[in-house]
Amino acid sequence: MTNITLPIVKRQVSLGTAILMGLAALGAFAALFRFVDGFSKISNLSDSRPWGIWISFDLLVGVPISAGAFILAATVHIFHMDKYRPILRPTLLTGFLGYFMVILALLVDLGQPQRIWHIIIYQNLQSPLFLVGMCEMIYLIVLLLEFSPPVLEKLGWTTLLQYLRKISIPVVILGVTLSTMHQSSLGSLFLIVPFKMHPLWYTPLLPLIFLVSAISVGFGMVLFECAVSHQVFGGNVRKDIFEGLAKGMLISLGILLLIKLGDLIAAGELGRVIEGSFQSAMYLLENFVGIILPIAILLIPKLRKDIAWIFRAALLTVIGLVIARLNIGLVSMAGVPYVPHILELAVTVGLFSAGILAFGYAMKNLPLEEA
Amino acid sequence: MTNTTDPKLSRRDFLKASLAGLGGLALAANQVVPARASSGEELPLEDHWALLYDATQCSGCRECETACKSYNKLPEENVDDLSGNTFTLIKLYQSDDGKQKSFRKYQCMHCVDPACAASCPVSALHKLENGPVVYDAYKCIGCRYCMQACAFGVPRYDWSLAYPFIRKCEMCYHRETGPACAEICPKQALTFGKRGDLLEIAKTRIAVNPGKYFEDRVYGEFEGGGTSVLILSAIPFEAIGLPALDAKPLPDRTQWALNIVPLIFFGVGGAMSAVYQHTKRVTQNSILRDNEEAKP
């Protein structure tokens, strides 16, 4: 009897990747259904609930969690804080992928997605949604320009690379401007529905609250990604980068808390926080998880210097923002009860999975460590 | 008049106070963005097409529904709310003890300053210069912001389709003799005419029958900045499903945020350029200094 040496088959696709691929495929399948059989087959959207999970999560969460890109681009290129340069490229990549996924989700959500370019030609300056649409379209191009250097490096297109370097500062400034405009305009979308929205959320300051919460969660996401890429991709992120980002997050969360609290007190609606309704409970949850807890953690000097605790604070900020935006889109709105259809959720989950897959692929294959 | 001031709206005052500093600048920026996208200003408001619905005269015969269906070529369906194929609907409201009851005609209110038109990102909805709020399907991208923005829940969507459009009453704007529903009404429940004339008729009815109509007033004269569909009712407006709105047009609530957009664009852009120049100089100076110090 001879011993046969079996070739060792190395598993090409990890379990996590396989699951993500499965979810992405399921999402694509559900989206296909919507384009063949109509909305009612895969969604619980109705005349009384015209905006569901696709708007409340994919748009209202997708845009702010991609805010890290403009914050970091400004930090490095405009404020000349060079220590953050090593994490700029991965952050720009997440930003680009985030916005790309938002656009894909909107294409599923729109009734006439093939006409999305109508925003450019039939513009309505009175509509906050026009502003959101225009800024996002232009910002996607800005992100593409900001992120293209590693791709061009890989392709070896040095001439184009040099041209890009020349316009890089105006492009970054445009990116910051557009981000300020559309992050806040997402909040302006809801200014026109005072009659539909619970008074805990409705305030003329919605645009400001949306902007500041996007900045705090932008820091949160960058911290989160640093920690994850540290673990998964074996990167080595310096501790002072963590501490600096945590400081930015703490300051923006503090400002957010002051605005929200000041607004409720000035409007005389603070008492509603303890009115005992489902809405007030959700309002308390979003602020406790997403603002008060992370602030409390970061106010303790010992924890502020501990990467594990910084990571926890960042995670709480991100989770809190998800709750806050779902509250705005779903909980605060009057109308028939709405729970997303399972296939509606599948589209959202599928797009999110596809985004993570694309990020992983790019981290492995593009020169994200700046030369 | 206790129900017409929405408590939520009092926050506007806080905004005014907190933005007092920005106010002057916002006013200047106001000239950059047109205040109204509609061209409705060309005909005076009192000459706009309008409808007066007197709920106390309505017998619920639903002839108006049939006329609407036939003129707009809509299929019959059994629904209890407006839909993609039902642009107008009569509902019966009854109090629990059965003492108070009233019909209510649902349809587009044709607001003087429509929230749907203001919110539409592609200008697919607009107010004609003679009043009707109409829809250009060829522009629509199906975003449903109009449905979200309308205080009366009027724009509807055909959810069963893969590529749906918005559907709503357009006041039969291309019909020579005005809306089909008003023409067929056998009672004095639905009257078509100029908004100014109809307001006068409504106020005469109130004056002739004191105490008959709720709060002796016409719904739609001021609500949400005014509507072209005016409503008289014996029972409280909210009891027949009419939202309590104050006189401020809904699009005005978005206006401040839109007004400061040019300010943000140039302000943030300018500030970022200044910071860039400043920090660049500081960085260069510190490099120079380091080099100096490095020298023996």
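Rules behind the numbers
- Residues numbered from 1 in each chain as written.
- Chains lettered and ligands numbered in written order.
- Predicted model: local features only at pLDDT ≥ 70, side-chain atom pairs only at ≥ 80, totals over all residues.
- Helix = DSSP H or I, 4+ residues; strand = E, 2+ residues; numbered from the N terminus.
- Rg over C-alpha atoms; globule rule 2.2 N^0.38 Å.
- Buried ≥ 20, exposed ≤ 12 C-beta atoms within 10 Å, placed from the backbone.
- Contact = placed C-beta atoms within 7 Å.
- Pairing = 2+ DSSP bridges.
- Domains from an automatic or database assignment.
- Core = buried A, V, L, I, M, F, W, Y, C linked by C-beta atoms within 7 Å.
- Axes fitted to C-alpha atoms, helices over the stretch in contact; angles between N-to-C directions.
- Nonpolar A, V, L, I, M, F, W, Y, C, P; charged D, E, K, R; others polar.
- pLDDT = per-residue confidence, 0-100.

Caption draft 1: Layout of the overall build of chain A. When its secondary structure is counted, chain A shows 14 helices and zero strands. Order of helices (α) and strands (β) in chain A, N terminus to C terminus: α-α-α-α-α-α-α-α-α-α-α-α-α-α. In terms of overall size, chain A behaves like a compact globule, its C-alpha atoms giving a radius of gyration of 22 Å where 371 residues would be expected to give roughly 21 Å. Taken along its principal axes, the extent of the C-alpha atoms in chain A is 80 × 55 × 55 Å. Expressed as a percentage of the 371 residues in chain A, the buried residues total 51%. A fraction of 81% describes how many contacts in chain A between residues 6 or more apart in sequence connect residues 24 or more apart.

Caption draft 2: Representation of the pairing of strand S2 (residues 89–94) of chain B within the structure. All names here are of chain B. As paired elements, S2 and strand S3 (residues 101–106) share six bridges and run antiparallel to each other. Across the sheet, Lys 91 pairs through a bridge with Arg 104, a residue of S3. Hairpin remark: S2 followed by S3, antiparallel, with six residues in the connecting loop; positive phi at Gly 98, about 75°.

Caption draft 3: Spotlight on the domain arrangement of chain B. Under the domain assignment, chain B is made up of domain 1 (34–249) and domain 2 (260–296). A C-alpha centroid distance of 58 Å is found between domain 1 of chain B and domain 2 of chain B.

Caption draft 4: How the structure looks around the nonpolar core. Membership of the largest hydrophobic core comes to 182 residues, with the highest contact counts inside it found for Leu223(A) and Leu230(B). No other element matches helix H9 (residues 206–232) of chain A, which puts 14 residues into this core. Sequence-distant contacts of Leu223(A), that is, excluding residues within four places in its chain, are made with Phe242(A), Leu245(A), Ala246(A), Met249(A), Ile310(A), Phe311(A) and Ala314(A).

Caption draft 5: View of the sheet that holds strand S8 (residues 190–194) of chain B. All names here are of chain B. Reading across the sheet, the three strands line up as S8-S1-S9 and stay open at both edges, with mixed pairing between neighbours. Two strands close off the open sheet at either side, each with one partner strand: S8 and strand S9 (229–232). This sheet shows a mean twist of 20° between the axes of neighbouring strands, independent of strand direction. Pairing of strand S1 (residues 49–54) with S9, which is carried by four bridges, proceeds in the parallel orientation. The partner of Leu 51 across the bridge, within S9, is Val 229. Contacts between helix H7 (residues 195–208) and the sheet are confined to S1, S8 and S9, with S8 contributing the most and set at about 135° to the helix.

Caption draft 6: Representation of the interface of chain B and chain A. Of the residues lining the interface, 61 residues belong to chain B; the matching set on chain A comes to 55 residues. Contributions of two or more residues to the side of chain B that touches chain A are made by helix H1 (11–18), helix H4 (115–119), helix H5 (145–149), strand S6 (156–157), helix H8 (252–259) and helix H9 (261–294) of chain B. A per-element tally of the side of chain B that touches chain A places H9(B) first, with 12 residues. Class assignment of the residues belonging to the side of chain B that touches chain A gives a composition of 40 nonpolar, 12 polar and nine charged.

Caption draft 7: Up close: the domain arrangement of chain A. All names here are of chain A. In terms of domains, chain A is made up of domain 1 (19–49 + 340–351) and domain 2 (50–334). The interface of domain 1 with domain 2 comprises 13 residues on the first partner and 10 residues on the second. Every element with two or more residues in the side of domain 1 that touches domain 2 is listed here: helix H1 (15–37) and helix H14 (342–365). A total of five residues in the side of domain 1 that touches domain 2 trace back to one element, the largest contributor, which is H14. In the side of domain 1 that touches domain 2, the residues fall into six nonpolar, three polar and four charged.

Caption draft 8: Region of interest: helix H4 (residues 68–78) of chain A. All names here are of chain A. The buried count for H4 comes to 11 of 11 residues, which makes it a mostly enclosed element. Within H4, burial applies to Gly 68, Ala 69, Phe 70, Ile 71, Leu 72, Ala 73, Ala 74, Thr 75, Val 76, His 77 and Ile 78. His 80 lies just past H4 and shows a positive phi near 55°.

Caption draft 9: Here's a closer look at the confidence of the model for chain A. Overall, the predicted model of chain A reaches an average pLDDT of 91, with 94% of residues at or above 70. When the elements of chain A are averaged for pLDDT, H9(A) gives the smallest value, 90, and helix H11 (residues 278–299) of chain A the largest, 97.

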